[in-house]
Protein chains: 2
Amino acid sequence: MTTTTKALIFKEAARLFREKGYNGSTQRQLADRVGVQGASIYHHFPSKQGILYAIMEYTMTSLLQKVRCEMLDASSPEAKLRKAIKVHIEYHTVDRDETYVADAELRSLEAENFKKIVAMRVAYEQIFRDILSEGVQEGVMRIGDVSLATKALLQMCTGISYWFSPGGRRSIDEIADQYVELFLFGICGKLNNER
Amino acid sequence: MTTTTKALIFKEAARLFREKGYNGSTQRQLADRVGVQGASIYHHFPSKQGILYAIMEYTMTSLLQKVRCEMLDASSPEAKLRKAIKVHIEYHTVDRDETYVADAELRSLEAENFKKIVAMRVAYEQIFRDILSEGVQEGVMRIGDVSLATKALLQMCTGISYWFSPGGRRSIDEIADQYVELFLFGICGKLNNER
DNA sequence: CGATAAATCTAACAAGCGTTAGAATTTGAT
DNA sequence: ATCAAATTCTAACGCTTGTTAGATTTATCG
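Structural notes, computed from the coordinates. Predicted model only: the values in this text are computed from it and were never measured. (Residues numbered from 1 in each chain as written. Chains lettered and ligands numbered in written order. Predicted model: local features only at pLDDT ≥ 70, side-chain atom pairs only at ≥ 80, totals over all residues. Heavy atoms only, no water.)

1. Some details on the protein's contact with DNA strand D
In step 1: Around DNA strand D, the structure places 16 residues, and the nearest of them are A:Gln37, A:His44, B:Thr26, B:Tyr42 and B:Lys48.
In step 2: When atoms of DNA strand D within 4 Å of the protein are sorted by moiety, sugar and phosphate together comprise 55%.
In step 3: Note that a phosphate oxygen of DNA strand D is positioned 3.2 Å from one of the backbone N or O atoms of B:Ser25.
In step 4: Contact between DNA strand D and B:Tyr42: a phosphate oxygen at 2.6 Å from a side-chain N or O atom of the residue.
In step 5: A class-by-class count of the residues in the surface near DNA strand D yields 4 nonpolar, 9 polar and 3 charged. (Near = heavy atom within 4 Å. Polar contact = N/O pair within 3.5 Å; in protein donor to acceptor, adjacent residues only side chain to side chain. Nonpolar A, V, L, I, M, F, W, Y, C, P; charged D, E, K, R; others polar.)

Here it is as C-alpha cells:
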C-alpha cells in the first residue's frame, strides 16, 4: 500500500503549517515538499483553507473518538482520568504535527469552519470537565474550580506537542505517567501518606 | 501624559498579532487601528519584523526582571515558587496580548532575533527549573523529572493568556492561587493530612 | 513670526500570494 | 491497442503584501 498524493499533501501540510504557521506557509512551499507543482494540489483539495480544515476536522474527530472509546470500560473517575490523559498525550506526541496545528491555528479558520471545530473542542473539553466533576461529587477529588482545572490540565498536556521529539530522553509512556502523577497528586493527594 | 504614536503602534500591534497572528496581520490593518497611514509606521519602527521583535524583547525583559526581583526576598523553594508563579500569571493576564505574542510567535522571528529571544526564554525557564531542583534537594518537593515538571508548569500557566478576559468569573488573584495550589499539591502534597 | 525638525501623508514599486484555465501526461479497464 | 478518466503540468491572472520616495503638514523654539 503506497501513500497517495492526497495523504502526502495532508501530512506535509501539517508539518509545514506547524513549522511556519498557516499564514506563513505558501502553497508553493507545500507543493515543493510533496514533490509536485503548486497547481496540482487543487486536484486533491479545494483550497488552502480546505487543507487546514481537513487537518483540524480529522484530528478532532479522531481525538474525540479515541477518548470516548477509552471511557467505555473505565469505571472510577480516577481510572477515566488516567486513561483520558494517556490517550490525549499519546495522540499529541504520535501525530504531533496535526495536533499542534489543530491547537494553534483555530484563528486561521474561516467563520463557518471555525464554528464547527470550536464545537468539537468544546465537546472534547467537556469530557474532561465531566470526569473531574464526577470525581468531586464522589469525593475522591478536591477541586476549587473544575473548569479552571480542566483548562490547566489540557493546556499542560497539549503543550507536549510543542517540544516533544521521538528521539528524546523520555518515552511517550514515561511522559504520560509523569503528567498523570503530577496532576493526580494535586487533586487526590492520595500517595502522600508515605511521608 | 499622552500616549505616543509609537506606544500606540506597539500596543495595537500586540493586539492585532494576537488576534490574527504575525503573518496574518498586515501593516495596513495595523495602521488602521492606530488611525494613521501605513507608511507612517516606518517613522517609528524599521519594519514589521522590528515591531514583533520589540514586543518580544520588551516582554521577555520585563518578565525576567519581575521574577528575578521577586526572588530576592524569598527564602524557601516553596515561597519562591509561589511568588514566581504569581508574577508569571499576573503578567500573562495584565499584558496578555504581549505575552501571548511572545509565546506564540517565536517561529515568526528571523534567525538573529530568534536566537536572542530563545536565549531569554531559556534563562526564564531556568529560573523555574532551579527553584524546583532546590526544592527536590531540600526534600520538600518530590519530582520525577524536573525539566518535565518545569515545562508542564509553564505551559499550564502561560495558557491562561489564551482564554483569560478581565470581566470573567475569576479574578487574577483567584486564578493564580488555584494554579499554585494545583501544582504545589502534586509536588509537595503537604495539605493532604486533612483527610 | 520664521525656520528647523519631526511626523504624517500620497502614491507607487517589485515581489509574492492563492487560484484558475487549459494542455499534456499517466493510469486503468476493455 | 484504444479510449476515457484521473492526475499533473505550464503559464498566467488579479490582488495584496511590505516597503520606499518624496511632498506636505504639524510641532518646537529662538
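The structure having been displayed, the exposition proceeds.
2. Points about the protein's contact with DNA strand C
In step 1: Looking at DNA strand C, there are 16 residues lining it, with A:Thr26, A:Tyr42, B:Gln37, B:Ser40 and B:His44 nearest.
In step 2: Protein-adjacent atoms of DNA strand C, using a 4 Å cutoff, are sugar or phosphate at a proportion of 57%.
In step 3: Between DNA strand C and B:Arg28 there is a distance of 3.3 Å, counted from a base nitrogen to a side-chain nitrogen or oxygen.
In step 4: B:Ser40 has a polar side-chain atom sitting 2.8 Å from a phosphate oxygen of DNA strand C.
In step 5: Class assignment of the residues belonging to the surface near DNA strand C gives a composition of 4 nonpolar, 9 polar and 3 charged.

3. Remarks on helix H5 (residues 96-104) of chain B
Residue and element names in this part refer to chain B.
In step 1: Here H5 lies mainly inside the structure; 7 of its 9 residues are buried.
In step 2: Residues of H5 that are buried: Asp97, Glu98, Thr99, Tyr100, Val101, Ala102 and Ala104.
In step 3: On its buried side, H5 packs onto helix H1 (5-20), helix H3 (48-71), helix H4 (77-94), helix H6 (111-137) and helix H8 (160-163). (Buried < 20%, exposed > 50% of the residue type's maximum accessible area, 1.4 Å probe, protein only. Helix = DSSP H or I, 4+ residues; strand = E, 2+ residues; numbered from the N terminus. Contact = heavy atoms within 4.5 Å.)

4. Here we look at the relation of the copies chain A and chain B
In step 1: For these two chains of identical sequence, chain A goes onto chain B by a turn of 180° and a shift of 0.0 Å along the axis, with RMSD 0.0 Å. Interpreted geometrically, this transformation is the action of a two-fold axis. (Least-squares fit on C-alpha atoms with pLDDT ≥ 70 in both.)

5. Digging into the packing of H1(B) against H5(B)
All names here are of chain B.
In step 1: Two numbers describe how H1 lies on H5: the axes approach to 8 Å, and their chain directions differ by 55°. By the angle between their directions, the pair H1 and H5 is classed as oblique. Considering the relative orientation of H1 and H5, their crossing is left-handed. In this structure, H1 uses Phe10, Lys11, Ala14, Arg15, Phe17 and Arg18 to contact H5, whose residues at the interface are Arg96, Asp97, Glu98, Tyr100 and Val101.
In step 2: Residues that form the contact of H1 with H5 fall into these classes: 5 nonpolar, no polar and 6 charged. (Axes fitted to C-alpha atoms, helices over the stretch in contact; angles between N-to-C directions. Parallel < 35°, antiparallel > 145°, perpendicular 65-115°, else oblique. Left-handed = near helix turned anticlockwise from the far one by under 90°.)

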